[in-house]
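Understanding the architecture of this molecule
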Amino acid sequence: MEHHIVAEMTEPGGSTLKEWHMVRTGQSMSMCGRDLDMNQSQLPSDAWGTEQARPFCHTCGALFLREVP
Ligand SMILES: [Zn+2]
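**Side note on the nonpolar core**
Side chains of a nonpolar character, in soluble globular proteins, are inclined to be buried together. Grouped together as the largest cluster of nonpolar side chains are 13 residues, with contacts concentrated most on Ile 5, Trp 20, Met 22, Leu 43, Ala 53, Phe 56 and Cys 60. Of all the secondary structure elements, the ones that give two or more residues to this core are strand E1 (3-9), strand E2 (17-24) and helix H1 (58-67). Tallying contributions element by element places E1 first for this core, with three residues. Those residues in contact with Trp 20 that lie beyond four places of it in its chain are Ile 5, Val 6, Ala 7, Ser 41, Gln 42, Leu 43, Gln 52, Ala 53, Arg 54, Pro 55, Phe 56 and Cys 57.

Spelled out as structure tokens, the structure:
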């Protein structure tokens, strides 16, 4: 399963980052169930755990850990 990281903003179309979520490639919903705007900033899944991908959604982080070998 491929994943990538998508930004959630504090408001739709806003420029203030709320947190990052993990998304399964091909889906438009984060692993924690949020409907995300796929036009927002994205990062490769290997950015997870780095300074670049903070703050990161705790639910997505936990689910991602269970899905990666
Ligand atoms: Zn999430």
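After presenting the structure, the write-up continues.
**Describing the coordination of the zinc ion**
Coordination sphere of the zinc ion, protein contribution only: His 21 (ND1), Cys 32 (SG), Cys 57 (SG) and Cys 60 (SG), at 2.0 to 2.4 Å. The coordination sphere of the zinc ion comprises four donor atoms, whose angles at the metal cover 102 to 118°; the geometry is tetrahedral.

**Some words on the packing of aromatic side chains**
Under the counting rule described, the total for this entry stands at two aromatic pairs. Centre to centre, the rings of Trp 48 and Phe 56 are 6.4 Å apart; their planes meet at 80°, and the pair counts as edge-to-face. In textbook terms, an aromatic cluster arises when at least three aromatic residues are bridged by ring pairs, as seen for Trp 48, Phe 56 and Phe 64.

About the thresholds
- Residues numbered from 1 in each chain as written.
- Predicted model: local features only at pLDDT ≥ 70, side-chain atom pairs only at ≥ 80, totals over all residues.
- Heavy atoms only, no water.
- Core = buried A, V, L, I, M, F, W, Y, C linked by side-chain atoms within 4.5 Å.
- Buried < 20%, exposed > 50% of the residue type's maximum accessible area, 1.4 Å probe, protein only.
- Helix = DSSP H or I, 4+ residues; strand = E, 2+ residues; numbered from the N terminus.
- Contact = heavy atoms within 4.5 Å.
- Donors = N, O, S within 2.8 Å, 3.2 Å for Na, K, Ca; no water.
- Tetrahedral: all angles 85-135°; square planar, octahedral: opposite > 155°, others 65-115°.
- Phe/Tyr/Trp six-rings, centres within 6.5 Å; stacked < 30°, edge-to-face > 60°.

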